[in-house]
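Coordinates in review
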Amino acid sequence: WATGSPTPEFNFAAIPVVESRHPLWDQQPLPVSESGADDATRALGTAGALERATPLTTGLRAEPEATMEIPEETALPFVVAAGIALLFAGLLFTTEVAAATGVVLGAIAVLWWTWRTGEH
């Protein structure tokens, strides 16, 4: 990303190091983390963004503990939203068939989205 290519939409090019309440004003240029060799820090730098990974950190000090893979994109959230919209449109216009279809469509999409495993 230093060569001018766009930042990936699923992550930063590298995790910024924030040391104040206003890092973009106080830290010029904004420092970024480097990827480490262990599992906890490999997602901090550019390599982590390319691997679609993000660090899992501790609660208070935000120290890296592990790395989590970011799932692939899916259209299932849109299908869930369409099912909910159909449900409410059916309720608004008192069309029981449309409302029932929205419930079924939304429920199937939520279950499919929940049990998506092993996709890479």
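Fair warning: this is a prediction, and the values are worked out from it, not measured in the lab. Starting afresh in each chain, residues are numbered from 1 along the sequence in its written order. Only residues with pLDDT of at least 70 are given local features in this predicted model, and only at 80 or more are side-chain atom pairs given and counted; all residues enter the totals for whole chains, interfaces and linings. Remark: hydrogens and water are excluded; side-chain values derive from all non-hydrogen atoms of the structure.

1. Observations regarding the overall build of the protein chain
Here is the rule we go by: Here a helix means four or more residues in a row that DSSP labels H or I, a strand means two or more in a row labelled E, and each is numbered from the N terminus. Each residue is placed in one exposure class: buried if its accessible area under a 1.4 Å probe, protein chains only, is under 20% of its type's maximum, exposed if it is over 50%, and partly exposed if it falls in between. Two residues form a contact once any of their heavy atoms are found within 4.5 Å. Only the protein chains shown count as cover for residues, and the accessible areas themselves come from Shrake-Rupley with a 1.4 Å probe.
A count of helices and strands for the protein chain gives four helices and two strands. Taken from the N to the C terminus, the helices and strands of the protein chain come in the order α-α-β-β-α-α. Across the 120 residues of the protein chain, 24% fall into the buried class. Contacts spanning at least 24 positions in sequence make up 35% of the contacts within the protein chain whose residues lie at least 6 apart. By element, 66% of the accessible surface of the protein chain is carried by carbon and sulfur atoms, the whole surface being about 8700 Å².

2. Focus on the pattern of salt bridges
Note the threshold: The term salt bridge refers to a side-chain nitrogen of Lys or Arg lying within 4 Å of a carboxyl oxygen of Asp or Glu.
This model, assessed by the stated rule, comprises five salt bridges. When the shortest N-O distance is used, the salt bridge between E72 and R52 registers 3.6 Å. With E72 in the loop between β2 (64-69) and α3 (76-92) and R52 in the loop between α2 (46-50) and β1 (53-57), this residue pair connects regions lying 20 residues apart in the sequence. You can call R52 buried: its relative accessible area is 14%.

3. A look at the confidence of the model for the protein chain
Definition in use: The pLDDT score gives, residue by residue, the confidence of the prediction method on a 0 to 100 scale.
Of the residues in the protein chain, 87% have a pLDDT of 70 or more, and the chain-wide mean is 83. Per-element averaging of pLDDT across the protein chain places α2 at the bottom with 81 and α3 at the top with 94.

4. Considerations on unusual backbone geometry
Cis geometry marks the peptide bond from Q28 to P29, where omega comes out at -15°. Following the sequence through the fold, P29 ends up in the loop between α1 (23-26) and α2. Residue A62 is not a glycine yet carries a positive backbone phi of 60°. Unusually for a residue other than glycine, T94 sits at a positive phi of about 50°. Following the sequence through the fold, T94 ends up in the loop between α3 and α4 (96-114).

5. What to know about the pairing of β2
Heads up, the condition is: Two strands make a pair as long as DSSP finds a minimum of two bridges between them.
Taken together, the five bridges between β1 and β2 define a ladder with antiparallel strand orientation. Across the sheet, the residue bridging to A53 is E69, located in β2. Between β1 and β2, which pair antiparallel one after the other, the connecting turn spans six residues, and A62 there sits at a positive phi close to 60°.

6. Digging into the side chain of S33
Inspection of the secondary structure assignment puts S33 in the loop between α1 and α2. On the basis of relative accessible area, S33 is assigned to the buried category, the value being 17%. Setting aside its immediate chain neighbours within four residues, S33 contacts A14, I15, V17, L44 and G45.

7. A look at the environment of A98
Among the secondary structure elements, A98 is positioned in helix α4. Counting along the chain gives ten residues from A98 to F88, while the straight-line C-alpha distance between them is 8.8 Å. Apart from residues lying up to four places away in sequence, A98 is in contact with L86, L87 and G90.

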